[in-house]
Amino acid sequence: MSLAQLCRFFCCPPCPTKIVNRYAFQPPIPTYTLKQVQENGFEKYKFVFLTDNLIAPSHYLKEAEYGFINTSRGNNIAYLLWRHKRNPRLTILFSHVNGADIGQCATFYLDLCQKLNCNAVVYDYSGYGASSGTPKEKNLYADIEAVYRTLTNEYGICPRDLILYGQSIGSVPTIHLAAKQLVAGVIIHSGFLSAIRVLYPECNQTGCCDAFPNIDKIPKVNSPVLVIHGMDDDVIEFSHGIAIYERCPRAVEPLWIEGAGHNDVELFAPYLDRLKQFVSSELEN
């Protein structure tokens, strides 16, 4: 961020929230669309790539169920629900990274859930992928609340069978929901304390212009929390992971990965092993 941008960030009086939203979100050009089709007399949505995907698409994408959910703020957000063939009890609700949409991240998440023996739900934030609306902090909260209502009310998923997984900016809606609802478990992958603290790690107060105040919400999370962070993260300092862990009332043993940065944590062997342990023995029953 340039000096001029920083000045606007802190000094633009009418609406600092708009400044935060402008620079905080980086939605990619949509990589997919959801096409409405008829199958056996029923309407459903089909996942269609719009671009050449850099990641080989998982065959699990063909098995998933797709749709749109209307949020309290009037946006329609795209989601997928994939059911593991072993019919497991647990479902993981993924809130993805900033510069991606379902088309770029679903393959990894579905393959991960296959290994963890869990069902998977992946959704796009307002203004991402096939979702309508504009990326905003308030929309992030409304998005995950709408997905949660759909999973519990329409799909009958018990909160005690739900794991919330937030990666990077996905830690924001994840911690927001976890502070309100008791779930089986929470995974914070490369999360951060607040927007200002990313720019200024020495900051120790949440000001009126600060956004995404995870630091103020994490103490209210009463579900088991696994914090994962790369020790060489040059986007969100490792200190953020430590501080989140220290503020969790029910934190389990964290995973600090030496040599890992912001975008490669999952490439290290301890990542999958630690998730398997968390899912198999450390969740709220």
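Residues numbered from 1 in each chain as written. Predicted model: local features only at pLDDT ≥ 70, side-chain atom pairs only at ≥ 80, totals over all residues. Heavy atoms only, no water.

Participant: What is the right way to read the pairing of strand β3 (residues 65-70) from this model?
Facilitator: For a regular strand, the rule is simple: side chains alternate between the two faces of the sheet. Sheet analysis places β3 next to strand β4 (residues 76-82), joined by six bridges and oriented antiparallel. In the strand pairing of β4, asparagine 70 is matched with asparagine 76. Two successive antiparallel strands, β3 and β4, enclose a turn made up of five residues, where glycine 74 displays a positive phi of approximately 85 degrees. (Pairing = 2+ DSSP bridges. Helix = DSSP H or I, 4+ residues; strand = E, 2+ residues; numbered from the N terminus.)

Participant: Can you help me understand the sheet that holds strand β7 (residues 162-167) in this one?
Facilitator: By definition, the strands of a sheet pair up through backbone hydrogen bonds, in either a parallel or an antiparallel sense. Ordered by their spatial adjacency, eight strands build an open sheet running β3-β4-β6-β5-β7-β8-β9-β10, and the pairing between neighbours is mixed. One side of each edge strand has no neighbouring strand; the edge strands of this open sheet are β3 and β10 (255-257). Going from strand to strand, the sheet's axes swing by 20 degrees on average, the running direction of each strand aside. The pairing of strand β9 (residues 225-230) with β10 spans three bridges and is classified as parallel. (Axes fitted to C-alpha atoms, helices over the stretch in contact; angles between N-to-C directions.)

Participant: Would you explain helix α4 (residues 137-154) in this entry?
Facilitator: A turn of α-helix holds 3.6 residues, and therefore any two residues three or four places apart point the same way. For α4, which comprises 18 residues, the first-to-last C-alpha distance of 26 Å matches the rise-based estimate of 26 Å (1.5 Å per residue) to within 8%. A positive phi of about 70 degrees marks glycine 156, the residue just after α4. (Expected span 1.5 Å × (residues − 1).)

Participant: What is the right way to read the environment of threonine 31 from this model?
Facilitator: Take threonine 31: it is sitting in the loop between α2 (16-24) and β1 (32-39). Along the primary structure threonine 31 and phenylalanine 49 are separated by 18 residues, whereas in three dimensions their C-alpha atoms are 5.8 Å apart. Excluding residues within four positions of it along the chain, threonine 31 makes contact with Val48, Phe49, Leu50, Thr51, Asp101, Gly103 and Gln104. At 2.7 Å, the side chain of threonine 31 forms a polar contact with the side chain of aspartate 101. (Contact = heavy atoms within 4.5 Å. Polar contact = N/O pair within 3.5 Å; in protein donor to acceptor, adjacent residues only side chain to side chain.)

Participant: I'm lost on the packing of α4 against helix α5 (residues 171-178) in this one. Help?
Facilitator: Angle between the axes and distance between the axes: these two values describe a pair of packed helices. Two elements in contact, α4 and α5, have axes separated by 9 Å at closest approach and are oriented at 60 degrees. One way to sum up the angle between α4 and α5 is to call them oblique. For α4 against α5, the interelement crossing comes out right-handed. Along the contact surface, α4 presents Leu140, Tyr141, Ile144, Glu145 and Tyr148, while α5 presents Val172, Pro173, Thr174, His176 and Leu177. Looking at the contact of α4 with α5 residue by residue, the classes come out as seven nonpolar, two polar and one charged. (Parallel < 35°, antiparallel > 145°, perpendicular 65-115°, else oblique. Left-handed = near helix turned anticlockwise from the far one by under 90°. Nonpolar A, V, L, I, M, F, W, Y, C, P; charged D, E, K, R; others polar.)

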